[in-house]
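Read off the chains here:
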Amino acid sequence: MRVAHLSLVDFRNYRTAELELASGPNLILGRNGQGKTNLVEAIGYFATLRSHRVTGDAPLIRAGADAAIARMRVAAAERDVMLELQVNRDRPNRAQVNRNAVRPREVTRWFSAVAFVPEDLGIVRGEPAGRRRFLDDALVARHPVAAGALADYDRVVRQRTSLLKSSRGGPSAVEATLGIWDEQLVEYGTQIMIARRELVRDLTAPLREGYRRLVSEDHAPELALQESVLTALAVTDVSRETASMDELASVSRETLAEQFRDALAAVRSREMERGVTLVGPHRDDLLLGLNQLPVKGYASHGESWSFALSLKIGLASILRDESPAGDPVIILDDVFAELDARRRESLMDAVSDFEQVIVTAAVEEDVPPGVSWRRVRVEAGRLLEEAA
Ligand SMILES: Nc1ncnc2c1ncn2[C@@H]1O[C@H](COP(=O)(O)OP(=O)(O)OP(=O)(O)O)[C@@H](O)[C@H]1O
């Protein structure tokens with residue numbers, strides 16, 4: 001698929017903007033702070049309903065305005081679809097697909113993108129929350145209905161945790177209510193764990209292929225899940241050593257739900273003491289390995305970058321193979337500046353056969369040579385087209 005046209009009203013530093021994009025490579029150029037990232041942030045928002053830079057939507061609305069509007073014409077598998085999102089300061093956001101009002105979440109079913117951003121290094125080097133976010137964005141890109149289970153799970157964790165907090169310090173009548181939350185936690189949590197296990201299983205081969213293309217060497221990148229449910233049952237060591245991702249992904253929903261319930265029972269008294277929900281996908285981590293060592297704390301800066309980029313290349317290739325709507329749109333936001341010349345060329349080479357690639361850069365010297373770009377220049381929230 002590709003973005004054919006993007007219109008913005010009061011989005012970030014754009015009062016209005018009209019941007020035509022072409023199939024193939026598009027280059028958005030401009031000095032620092034002119035609005036390049038803001039443009040691709042708007043495009044990425046249609047895929048995930050969130051910004052990769054901020055939590056919450058308020059910063060997306062131009063200072064002084066009440067609402068930001070982004071409209072996008074997407075050309076996918078022989079037909080166009082018109083998407084619209086309105087981000088409101090004081091009211092719930094609104095959305096349209098082909099001019100019919102829908103729930104905002106619906107929009108993500110019609111658009112798929114994989115964004116490579118400087119913050120991706122944090123997936124590899126940062127806290128577990130960043131890796132969970134990577135996994136969960138990937139789940140939604142793969143199966144848009146997963147957004148429902150993730151939102152429901154989040155809500156249940158918050159409500160269950162506040163119940164635990166209110167009961168802290170002693171046994172009380174909350175036990176019965178807790179049972180109801182436990183069942184919902186298990187229901188949604190199991191769905192998420194299974195979807196993550198399948199994702200990690202399916203991502204490993206394309207990750208390796210992406211890494212090999214980037215660095216021309218086989219450092220055997222590896223993925224595994226560290227799951228709090230298994231840790232609480234103290235079966236981690238056994239399962240880690242013996243269960244492959246294939247085996248974990250083939251565990252039935254009923255078996256996993258049973259393990260989840262057992263784990264909750266095992267940590268019940270600690271949860272009551274501490275007022276925290278201690279097991280479930282919100283406490284899990286994605287473990288990354290390279291050359292048989294953990295990436296975190298061992299891999300070099302360059303290797304960490306290559307790992308992060310390969311995760312995204314791997315995801316893009318899964319989405320391409322699975323989606324009837326065609327390739328995801330590839331966004332490279334200011335990443336070439338972080339890479340040496342060889343890696344820049346290998347990265348461009350790895351994504352160049354996707355239907356549409358959108359690159360932002362402050363200076364043209366940062367982008368690999370020999371690409372026939374469609375060029376757009378950004379100056380202080382205004383777009384100027386440039387001859388090729
Ligand atoms: N809600 C907002 N209202 C008005 N201006 C905003 C808003 N959010 C961000 N800006 C402005 O947008 C500009 C940043 O744009 P953006 O992040 O797209 O820059 P960029 O061109 O990608 O720069 P760099 O090359 O430094 O990454 C800043 O000047 C910032 O003040």
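Not measured: the values here are computed from a predicted model.

1. Brief notes about the overall build of the protein chain
- Helix and strand content of the protein chain: 12 helices and 15 strands.
- For a compact globule of 388 residues, the expected C-alpha radius of gyration is about 21 Å, and the protein chain comes in at 22 Å, within 12% of that figure.
- Summarising its shape, the C-alpha atoms of the protein chain cover approximately 70 × 50 × 35 Å along the three principal directions.
- The buried share of the protein chain, reckoned over its 388 residues, is 41%.
- Considering only contacts in the protein chain between residues 6 or more positions apart, those separated by 24 or more positions represent 72%.

2. With respect to helix 5 (residues 146–166)
- With 21 residues, helix 5 should cover 30 Å at 1.5 Å per step; its first-to-last C-alpha distance of 30 Å lies within 8% of that length.
- Of all the residues in helix 5, the buried ones are Ala146, Ala147, Ala149, Tyr153, Val156, Val157, Arg160 and Leu164.
- Buried residues along helix 5 sit against helix 2 (104–107), helix 4 (128–142), helix 6 (174–215) and helix 10 (253–274).

3. What to know about the nonpolar core
- With 106 residues, the main nonpolar core has Ile43, Phe46, Phe307, Ile330, Ile331 and Ile358 as its most contacted residues.
- A per-element tally of this core places helix 6 first, with 13 residues.
- Setting aside chain neighbours within four positions, we find Phe46 in contact with Met72, Leu83, Leu85, Val107 and Phe111.

4. Regarding the UniProt feature "binding site: ATP" (unreviewed entry) in the protein chain
- In the numbering used here, UniProt assigns the "binding site: ATP" (unreviewed entry) feature to Gly30, Arg31, Asn32, Gly33, Gln34, Gly35, Lys36 and Thr37.
- Along the polypeptide, Gly33 turns up in the loop between strand 3 (24–29) and helix 1 (36–48).
- The class of Gly33 is exposed, set by 12 C-beta atoms lying within 10 Å.
- Position of Gly35 relative to the elements: it lies in the loop between strand 3 and helix 1.

5. Some thoughts on the sheet that holds strand 2 (residues 14–20)
- Taken in spatial order, the six strands of this open sheet run 2-1-4-5-6-7, and their pairing is antiparallel. Each having just a single partner strand, strand 2 and strand 7 (100–102) make up the two edges of the open sheet. Each neighbouring strand pair of the sheet contributes to a mean axis angle of 15 degrees, computed without reference to strand direction.
- Contacting strand 1 (2–11), strand 2, strand 4 (67–76) and strand 5 (79–88), helix 1 runs over the sheet at an angle of about 110 degrees to strand 1.

6. Digging into the site of the ligand
- In the vicinity of the ligand lie 16 residues, with Asn13, Asn32, Lys36, Thr37 and Asn38 positioned nearest.
- When grouped by side-chain class, the residues that make up the shell around the ligand number four nonpolar, eight polar and four charged.

7. So, the packing of helix 6 against helix 10
- The interhelical angle for the contact between helix 6 and helix 10, taken along N-to-C directions, is 130 degrees, at an axis separation of 9 Å. The angle between helix 6 and helix 10 places the two elements in the oblique class. Crossing geometry of helix 6 relative to helix 10 is assigned as right-handed. Where helix 6 abuts helix 10, its residues Asp182, Val186, Gly189, Thr190, Met193 and Ile194 lie against Arg253, Leu256, Ala257, Phe260, Arg261 and Leu264.
- Residue composition of the contact of helix 6 with helix 10, by class: seven nonpolar, two polar and three charged.

8. Re the sheet that holds strand 3
- With mixed pairing, six strands are arranged side by side in an open sheet as 8-12-13-3-14-15. If you trace the sheet from one side to the other, it starts and ends with strand 8 (113–116) and strand 15 (382–385), each paired once. Neighbour-to-neighbour, the strand axes of this sheet turn through a mean angle of 20 degrees, independent of strand direction.
- As judged from the four bridges shared by strand 8 and strand 12 (residues 329–333), these two strands associate in the parallel manner. Within strand 12, the position partnered with Ala113 by the bridge is Val329.
- Contacts from helix 11 (residues 301–322) reach strand 8 and strand 12, with the element oriented near 170 degrees to strand 8.

The rules behind the values
- Residues numbered from 1 in each chain as written.
- Predicted model: local features only at pLDDT ≥ 70, side-chain atom pairs only at ≥ 80, totals over all residues.
- Helix = DSSP H or I, 4+ residues; strand = E, 2+ residues; numbered from the N terminus.
- Rg over C-alpha atoms; globule rule 2.2 N^0.38 Å.
- Buried ≥ 20, exposed ≤ 12 C-beta atoms within 10 Å, placed from the backbone.
- Contact = placed C-beta atoms within 7 Å.
- Expected span 1.5 Å × (residues − 1).
- Core = buried A, V, L, I, M, F, W, Y, C linked by C-beta atoms within 7 Å.
- UniProt positions renumbered as here; feature names shortened; annotations may be inferred.
- Pairing = 2+ DSSP bridges.
- Axes fitted to C-alpha atoms, helices over the stretch in contact; angles between N-to-C directions.
- Near = placed C-beta within 6 Å.
- Nonpolar A, V, L, I, M, F, W, Y, C, P; charged D, E, K, R; others polar.
- Parallel < 35°, antiparallel > 145°, perpendicular 65-115°, else oblique.
- Left-handed = near helix turned anticlockwise from the far one by under 90°.

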